[in-house]
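Now for the letters of each chain:
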Amino acid sequence: YADFGEIPQANEREHLRRILDLNLALAGSGRAGFGLDAETGHLVYALRASAHTSPGTLRLALENIARQARSWRQTPIVGAHVPGMAQLDPASLA
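Everything quoted here is computed from the prediction, not taken from an experiment.

A. A look at the pattern of salt bridges. As enumerated under the stated definition, the model contains 2 salt bridges in all. A salt bridge links Glu14 to Arg18; the nearest nitrogen and oxygen atoms lie 2.8 Å apart. Of the two residues, Glu14 and Arg18 are both situated in helix H1 (residues 12–26); the distance of 4 residues between them amounts to about one turn of the helix. For Arg18, a relative accessible area of 33% corresponds to the partly exposed category. With a shortest N-O distance of 2.9 Å, Arg59 and Glu63 are connected by a salt bridge. Linking Arg59 with Glu63, this pair stays in helix H2 (residues 55–74), spanning 4 residues, or about one helical turn.

B. Geometry of the nonpolar core. One finds Phe4, Phe34, Leu43 and Tyr45 to be the most contacted residues of the largest nonpolar core, which totals 13 residues. For this core, the secondary structure elements donating two or more residues are strand S1 (2–5), H1, strand S2 (32–36), strand S3 (43–47) and H2. Apart from residues no more than four positions distant in its own chain, Leu43 is found in contact with Ala2, Asp3, Phe4, Gly5, Ile7, Ile19, Phe34, Gly35, Leu36 and Trp72.

C. Here's a closer look at the pairing of S3. Direction of pairing for S1 relative to S3: antiparallel, over a ladder of 3 bridges. Note on S3: the bridge partner recorded for Ala2 is Tyr45. Remark: 6 residues form the turn of the hairpin made by S2 and S3, two consecutive strands paired antiparallel; Gly41 in that turn has positive phi of roughly 75°.

Here is what the cut-offs are and how they apply
Residues numbered from 1 in each chain as written. Predicted model: local features only at pLDDT ≥ 70, side-chain atom pairs only at ≥ 80, totals over all residues. Heavy atoms only, no water. Salt bridge = Lys/Arg side-chain N within 4 Å of Asp/Glu carboxyl O. Helix = DSSP H or I, 4+ residues; strand = E, 2+ residues; numbered from the N terminus. Buried < 20%, exposed > 50% of the residue type's maximum accessible area, 1.4 Å probe, protein only. Core = buried A, V, L, I, M, F, W, Y, C linked by side-chain atoms within 4.5 Å. Contact = heavy atoms within 4.5 Å. Pairing = 2+ DSSP bridges.

See the structure below:
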């Protein structure tokens, strides 16, 4: 899991709607998606990788997720993060 942080109260509904849209786009892979941590209420990104995932591929995926999480913490606008997450391609971690 990658903890992206709090979802801003201002425009919370719009943020959650975009997160749901992104989850639908990621659903085909069955390996990644956003959720809310029940204890903290933070936005989290879960990514599942196969034991056959190469170390290089996994490293690139984790670097991309970390970059997206840092960006979210500075400017929590989901729409700005969709392109980066799309580049992640969870299917490559199969």
